[in-house]
Amino acid sequence: MVRNPAVFLLDEPLSNLDAKLRTAMRSEITRLHRRLDTTFVYVTHDQTEAMTMGDRIVVMKDGVIQQFDTPQVLYDSPCNLYVAGFIGSPQMNFLDVTISQEGGTLYAKLNDDKLTIPAAKKEALTPYVGKTVTLGVRPEDFLPSDQLSAANGITARVDFCELLGAETNLYLFVNDVKVIVKMPSSNPHPTDDIIKVPVNMEKAHFFDKETEQAICH
């Protein structure tokens with residue numbers, strides 16, 4: 001800092017700190033970055049550090065750049081399954097669904113459940129009618145049970161609840177696939193209870209099953 005370098009290179013500087021100190025140091029480094037007004041290249045495996053500290057994020061896999069954009073764009077519009085699974089905590093849920101069409105409406109079918117596909121996603125998904133695609137739903141993009149419509153719920157078995165104070169992470173099984181749902185702590189569910197969880201399909205993500213590239217968001 002005394003030499004006023006053009007670029008600072010930080011390679012996982014917080015990796016050996018405890019959780020409380022990591023949180024404090026994230027704020028300190030962010031303030032330092034603003035004060036120095038100098039480029040910081042910050043390497044991390046912690047997506048929380050990347051999301052909270054980065055102006056731009058480069059997501060890499062096996063040395064290959066997957067996506068380069070702002071944190072919000074990476075969160076809202078991940079380009080593939082890898083980026084979608086990396087950004088967000090807990091990570092995005094992935095389920096295989098079949099795209100079907102009844103009249104002018106498209107559905108994502110999972111066992112006996114049908115999820116209505118919004119009109120904004122219809123054009124992108126029409127070529128996939130009759131095919132299996134990957135549905136991505138973030139834990140926070142499930143709806144309260146009183147907003148459940150006939151075609152917007154997924155049937156699941158409760159594994160356990162993780163109480164976090166104001167909210168709960170509800171761990172479910174849909175077939176053999178684990179799904180995590182964020183919900184208010186006031187709505188507990190007993191283990192092995194069979195419930196139907198509504199999905200906010202406006203925020204659902206769809207990925208090509210073979211290429212793993214995003215179809216639409």
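Above: the structure in question.
Residues numbered from 1 in each chain as written. Predicted model: local features only at pLDDT ≥ 70, side-chain atom pairs only at ≥ 80, totals over all residues. Heavy atoms only, no water.

## Some thoughts on the overall build of the protein chain
Looking only at helices and strands, the protein chain features five helices and 14 strands. Viewed in the frame of its principal axes, the protein chain has a C-alpha envelope of about 65 × 40 × 25 Å. A buried classification covers 38% of the 217 residues belonging to the protein chain. Partitioning the contacts of the protein chain with sequence separation of at least 6, the portion at a separation of at least 24 is 58%. (Helix = DSSP H or I, 4+ residues; strand = E, 2+ residues; numbered from the N terminus. Buried < 20%, exposed > 50% of the residue type's maximum accessible area, 1.4 Å probe, protein only. Contact = heavy atoms within 4.5 Å.)

## So, a nonpolar patch on the surface
Together, Val-58, Met-60, Ile-65 and Phe-68 make up a nonpolar patch on the protein surface, roughly 390 Å² of accessible area in all. Elements with a contribution of two residues or more to the nonpolar patch: strand S3 (57–61) and strand S4 (64–69). For Met-60, the position within the fold is in strand S3. (Patch = residues over 30% accessible without salt bridge, like charges linked within 9 Å, V, L, I, M, F, W, Y side chains within 5 Å. Areas by Shrake-Rupley, 256 points an atom, 1.4 Å probe, with all protein chains shown as cover. Salt bridge = Lys/Arg side-chain N within 4 Å of Asp/Glu carboxyl O.)

## Brief notes about the pattern of salt bridges
Counting across every chain of the model gives nine salt bridges. Between Asp-192 and Arg-157 there is a salt bridge, with the nearest N and O atoms lying 3.0 Å from each other. Linking Asp-192 in the loop between strand S11 (177–184) and strand S12 (194–198) with Arg-157 in strand S9 (residues 153–163), this pair joins segments that are 35 residues apart in sequence. Given a relative accessible area of 31%, Arg-157 falls into the partly exposed group. Across the pair Asp-159 and Lys-178 runs a salt bridge, and its minimum N-O distance is 3.9 Å. With Asp-159 in strand S9 and Lys-178 in strand S11, this residue pair connects regions lying 19 residues apart in the sequence. Within this structure, Arg-22, Asp-46 and Glu-49 form a network of salt bridges that share partners.

## Some points on the sheet that holds S9
Read across the open sheet, the four strands follow the order S11-S10-S9-S12; overall the sheet is antiparallel. A strand with exactly one partner marks an edge of an open sheet, and here the two such strands are S11 and S12. Strand-to-strand twist across the sheet, computed as the mean angle between neighbouring axes with direction ignored, equals 50°. Sheet topology note: the S9/strand S10 (residues 167–174) ladder contains six bridges and is antiparallel. Bridging across to S10, Cys-161 finds its partner in Leu-170. (Pairing = 2+ DSSP bridges. Axes fitted to C-alpha atoms, helices over the stretch in contact; angles between N-to-C directions.)

## Some details on the state of the cysteines
What the rule picks out here adds up to zero disulfides. Free of any disulfide, Cys-79 has its nearest cysteine sulfur in Cys-216, 15 Å distant. (Disulfide = S-S within 2.5 Å.)

## With respect to the environment of Arg-22
Looking at where Arg-22 falls in the secondary structure, it is placed in helix H1 (residues 19–36). Overall, the relative accessible area of 16% leaves Arg-22 in the buried class. Note: C-alpha distance between Arg-22 and Leu-9 (13 residues apart in sequence) is 18 Å. The residues contacting Arg-22, other than those within four sequence positions of it, are Leu-14, Ser-15, Leu-17, Asp-46 and Glu-49.

## Points about the side chain of Asn-93
Mapped onto the elements, Asn-93 comes out in strand S5 (residues 93–102). Of the polar contacts made by the side chain of Asn-93, one reaches the backbone nitrogen of Ile-180; its length is 2.8 Å. Once you skip the residues sitting within four places of it in the chain, Asn-93 turns out to touch Leu-135, Gly-136, Val-137, Arg-138, Pro-139, Phe-142, Lys-178, Val-179 and Ile-180. (Polar contact = N/O pair within 3.5 Å; in protein donor to acceptor, adjacent residues only side chain to side chain.)

## Focus: the nonpolar core
Generally speaking, nonpolar side chains in soluble globular proteins are found buried as a group. Core analysis: the biggest nonpolar cluster contains 31 residues, and Ile-99, Ile-117, Leu-125, Ile-154, Leu-172 and Phe-206 have the highest contact counts within it. Within the residue set of this core, elements represented by two or more residues are S5, strand S6 (105–110), strand S8 (132–137), S9, S10, S11, S12 and strand S14 (214–216). Counting residues in hydrophobic clusters, the runner-up holds seven residues, among them Leu-14, Leu-32, Phe-40 and Met-53. (Core = buried A, V, L, I, M, F, W, Y, C linked by side-chain atoms within 4.5 Å.)

Scope: geometric values only; no functional claims are made or implied.
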